[in-house]
Amino acid sequence: MQSAIASSSAPQPLLKQLRRIGLVLTGDQKLADGILMGAMTRTASLPKGQRPVNDAGVTKIGFDAYDAACMGRGAIAILTRLITHDGSLSGRVSQLSYLERIAVSLLLIEDMTAIDGASLSGRPALMLEEALASALPKLDMDELLVS
């Protein structure tokens, strides 16, 4: 299985991938877009030799920006104010732990291997696999994966 990071060759697919990851991690597309825009603006201001030269580097910068926003001082505000209990898929995603969101985003939605997801997120591969296994029943996704 090829990494979703490595398979993105054009800026548009990479941007879509980063926006999807941000939506799942933050629960809010506008918030995710703001975080991503800030990260890309900071990256553009770096000297040329310090800027990422490939999609993997850009993806890492985007993921790290989301991770810092969610794990920093604003984490509780981001992850709790958006929780909904309406039974929708987005409502069920909002009730997942942050680690489960990372696993769903990287391993399920972006179809990364556990090793690629571990490399990007800085979490052990086994931890991501266990988090995904824990998240699937909460999302009622088991039957979607079987078919």
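So, here's what we can say about the structure.

The rules behind each value
- Residues numbered from 1 in each chain as written.
- Predicted model: local features only at pLDDT ≥ 70, side-chain atom pairs only at ≥ 80, totals over all residues.
- Heavy atoms only, no water.
- Core = buried A, V, L, I, M, F, W, Y, C linked by side-chain atoms within 4.5 Å.
- Buried < 20%, exposed > 50% of the residue type's maximum accessible area, 1.4 Å probe, protein only.
- Helix = DSSP H or I, 4+ residues; strand = E, 2+ residues; numbered from the N terminus.
- 1 Å grid on protein atoms, 1.4 Å probe; cavity = no way out; pocket = protein on both sides within 12 Å on 5 of 7 lines; lining within 4 Å.
- Points joined across faces, edges and corners; volume = space filled by probe spheres on them.
- Nonpolar A, V, L, I, M, F, W, Y, C, P; charged D, E, K, R; others polar.

**Remarks on the nonpolar core**
Grouped together as the largest cluster of nonpolar side chains are 31 residues, with contacts concentrated most on Leu-25, Phe-63, Tyr-66, Ile-102 and Leu-106. For this core, the secondary-structure elements that each account for two or more residues are helix H2 (11-26), helix H3 (29-44), helix H4 (55-71), helix H7 (98-109), helix H8 (114-121) and helix H9 (125-139).

**Quick look at the layout of surface pockets**
Put simply, the second largest pocket is a space of about 180 Å³. Forming the boundary of the second largest pocket are Pro-11, Leu-14, Leu-15, Leu-18, Arg-19, Asp-33, Leu-36, Met-37, Met-40, Asp-55 and Val-58. Every element with two or more residues in the lining of the second largest pocket is listed here: H2, H3 and H4. Broken down by class, the residue content of the lining of the second largest pocket amounts to eight nonpolar, no polar and three charged.

**A closer look at unusual backbone geometry**
Not every positive phi belongs to a glycine, and Asp-111 is a case in point at roughly 55°. Summarising the element assignment, Asp-111 is placed in the loop between H7 and H8. Its relative accessible area of 41% is what places Asp-111 among the partly exposed residues.

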